[in-house]
Amino acid sequence: MRKSHKRWKWLLVFFLVAAVVCLAIFGFARRQSSRYTEEIARTQDIVTYYTFSGNLEPGDAQVIYAKGRGTVKSLLKEEGDTVENEEAVLQPKSGSKIESTMDGTISDIYVQADDTYNAGDELFRVADYAHPVLKIKVDEYDISALRKGMEVSVTVHATGVELRGEITRIAQEATVENDVAYYVVEISIPQNGSLVMGLTCEVSVLRESALNATTVSMDAIQYDENNKPYVYCYGRGDEIVQQSVLLGINNGTIVEIRDGVRSGETILIPRIITYPMMDMGTELR
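Predicted model, so just to flag it, every value in this text is computed and none were measured.

Participant: Break down the overall build of the protein chain for me, with residues and values.
Facilitator: On a plain count of helices and strands, the protein chain comes out with one helix and 22 strands. Each of the 285 residues in the protein chain was classed as buried or not, and the buried ones make up 32%. The contacts of the protein chain with a sequence gap of at least 6 include a subset with a gap of at least 24, amounting to 64%.

Participant: Got a sec to walk through unusual backbone geometry? Specific residues and values, please.
Facilitator: Despite not being glycine, E86 has its phi angle at roughly 70°, a positive value. Checked against the element boundaries, E86 lands in the loop between β5 (82–83) and β6 (88–92). Of note, N178 is a non-glycine position whose phi angle comes to about 55°, a positive value. Relative to the elements of secondary structure, N178 occurs in the loop between β14 (175–177) and β15 (180–188). Assessed through its relative accessible area of 75%, N178 is described here as exposed.

Participant: Tell me what's going on with the sheet that holds strand β4 (residues 70–75), and back it up with residues and numbers.
Facilitator: Here four strands make up an open sheet; going across it, the order is β7-β6-β4-β9 and the pairing antiparallel. Each having just a single partner strand, β7 (98–99) and β9 (116–117) make up the two edges of the open sheet. When β4 meets β9, the two strands line up antiparallel, connected through two bridges. In the strand pairing of β9, T71 is matched with T116.

Participant: Outline the nonpolar core, listing residues and values.
Facilitator: Core analysis: the biggest nonpolar cluster contains 24 residues, and L134, L146, V185, I187 and V203 have the highest contact counts within it. Only β2 (42–57), β11 (133–139), β12 (151–156), β13 (162–170), β15 and β16 (200–217) provide two or more residues apiece to this core. Every residue in contact with I187, bar those within four places of it in the chain, is listed here: P132, V133, L134, I136, V152, G165, E166, I167, T168 and V203. If you look at the next biggest cluster of nonpolar residues, it comprises 15 residues, including I64, A66, I98 and I109.

Participant: Describe the sheet that holds β5, and please don't skip the residues or the numbers.
Facilitator: The strand order β3-β10-β8-β5 describes an open sheet built from four strands, whose pairing is antiparallel. Pairing within the sheet leaves two strands with one partner each, and these edge strands are β3 (61–65) and β5. Pairing of strand β8 (residues 104–109) with strand β10 (residues 122–127) involves four bridges; the strand directions are antiparallel. Within β10, the position partnered with I106 by the bridge is V126.

Participant: Give me the lowdown on the side chain of Q222, citing residues and values where you can.
Facilitator: You can see Q222 is positioned in strand β17 (residues 222–223). Within polar-contact distance, the side chain of Q222 engages the backbone oxygen of D219 at 3.4 Å. When residues no more than four places from it in sequence are discounted, the contact partners of Q222 are K228, P229, Y230, Y232 and P270.

Participant: Explain the layout of surface pockets to me, and be specific about the residues and the numbers.
Facilitator: Which parts of space are left empty comes out when a probe the size of a water molecule is rolled across the atoms. Taken as a whole, the largest pocket encloses approximately 280 Å³ of empty space. Lining the largest pocket we find 15 residues, and of these Y65, A66, K67, I98 and E99 sit closest to its centre. When residues of the lining of the largest pocket are traced back to their parent elements, those giving at least two are β3 and β7. A breakdown of the residues in the lining of the largest pocket according to their chemical character gives six nonpolar, six polar and three charged.

Participant: Any details on the pairing of strand β18 (residues 229–234)? Residues and values, ideally.
Facilitator: Taking burial as the measure, the six residues of β18 include five buried ones, the bulk of the element. Where β17 folds back on β18, the antiparallel hairpin that results is connected by five residues, among which N227 adopts a positive phi of roughly 65°. Where β18 lies against strand β19 (residues 240–244), five bridges are found, and the strand directions are antiparallel. The residue of β19 that forms the bridge with Y234 is I240. The hairpin turn running from β18 into β19, its antiparallel successor, is five residues long, and G237 in that turn takes a positive phi close to 70°. Strand direction decides the pairing type here: β18 and strand β22 (residues 266–270), joined by two bridges, are antiparallel. Bridge pairing links C233 to I267 in β22.

About the thresholds
- Residues numbered from 1 in each chain as written.
- Predicted model: local features only at pLDDT ≥ 70, side-chain atom pairs only at ≥ 80, totals over all residues.
- Heavy atoms only, no water.
- Helix = DSSP H or I, 4+ residues; strand = E, 2+ residues; numbered from the N terminus.
- Buried < 20%, exposed > 50% of the residue type's maximum accessible area, 1.4 Å probe, protein only.
- Contact = heavy atoms within 4.5 Å.
- Pairing = 2+ DSSP bridges.
- Core = buried A, V, L, I, M, F, W, Y, C linked by side-chain atoms within 4.5 Å.
- Polar contact = N/O pair within 3.5 Å; in protein donor to acceptor, adjacent residues only side chain to side chain.
- 1 Å grid on protein atoms, 1.4 Å probe; cavity = no way out; pocket = protein on both sides within 12 Å on 5 of 7 lines; lining within 4 Å.
- Points joined across faces, edges and corners; volume = space filled by probe spheres on them.
- Nonpolar A, V, L, I, M, F, W, Y, C, P; charged D, E, K, R; others polar.

So, to be careful, I would describe these as geometric facts and stop short of saying anything about function.
Set out below in structure tokens:
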């Protein structure tokens with residue numbers, strides 16, 4: 001009986017020690033996992049774009065100047081009227097009618113009936129609103145991404161309307177302002193009846209794409225002392241390990257993982273621990 005009693009005593013001690021050890025390990029694991037949030041690596045597309053902005057302008061515009069001295073007898077057109085090339089717009093009191101030099105719309109008339117004008121004075125302006133052009137300024141580092149004849153996506157900020165445009169001109173020489181060089185690029189846009197000159201538009205040009213890529217959030221990527229990327233994940237026995245990864249493209253929110261992580265794996269992101277500010281007037285004891 002005495003031996004049996006001893007055996008039970010030692011078994012009890014053993015189980016108590018094992019329980020303490022298990023609780024310690026479990027508590028450590030919980031403390032470790034509480035330092036991280038989890039996310040699942042996903043399969044999705046990443047597409048990035050160059051973006052530029054500019055304002056709509058008429059496809060062409062011409063101001064008609066007086067060739068000599070005269071007096072306006074009558075105006076044959078009003079602002080907003082459409083005209084054709086060589087169509088009369090203004091009738092002087094003497095001499096032949098003054099005509100438009102292009103197809104378009106009378107945007108401005110600078111004289112009225114009975115006004116006297118001299119050679120070189122502005123009489124009226126004709127603008128081509130039927131073929132709007134978007135002019136953008138492109139940084140010298142991005143200009144190589146564009147080419148004449150390229151189709152681009154154009155979004156009108158005020159209405160949200162998306163249109164397709166075509167690059168019709170790229171300046172041969174850069175303009176330099178405040179030590180920054182840029183190129184003026186012109187994009188023709190089809191007039192859908194709602195485009196008003198001066199509207200701000202955004203141009204999108206495909207930059208990079210990775211389809212069906214394994215992705216994680218940018219927050220999940222860590223860097224070692226050699227600036228090489230890695231992520232935290234679970235190893236054997238749920239221990240937390242560092243896994244080196246090969247990165248691809250990113251859109252600022254998610255990043256492509258080319259090697260090191262598979263879609264569906266759990267990735268751990270270190271929590272940012274903040275401490276409340278201590279009242280500087282409080283005395284520490």
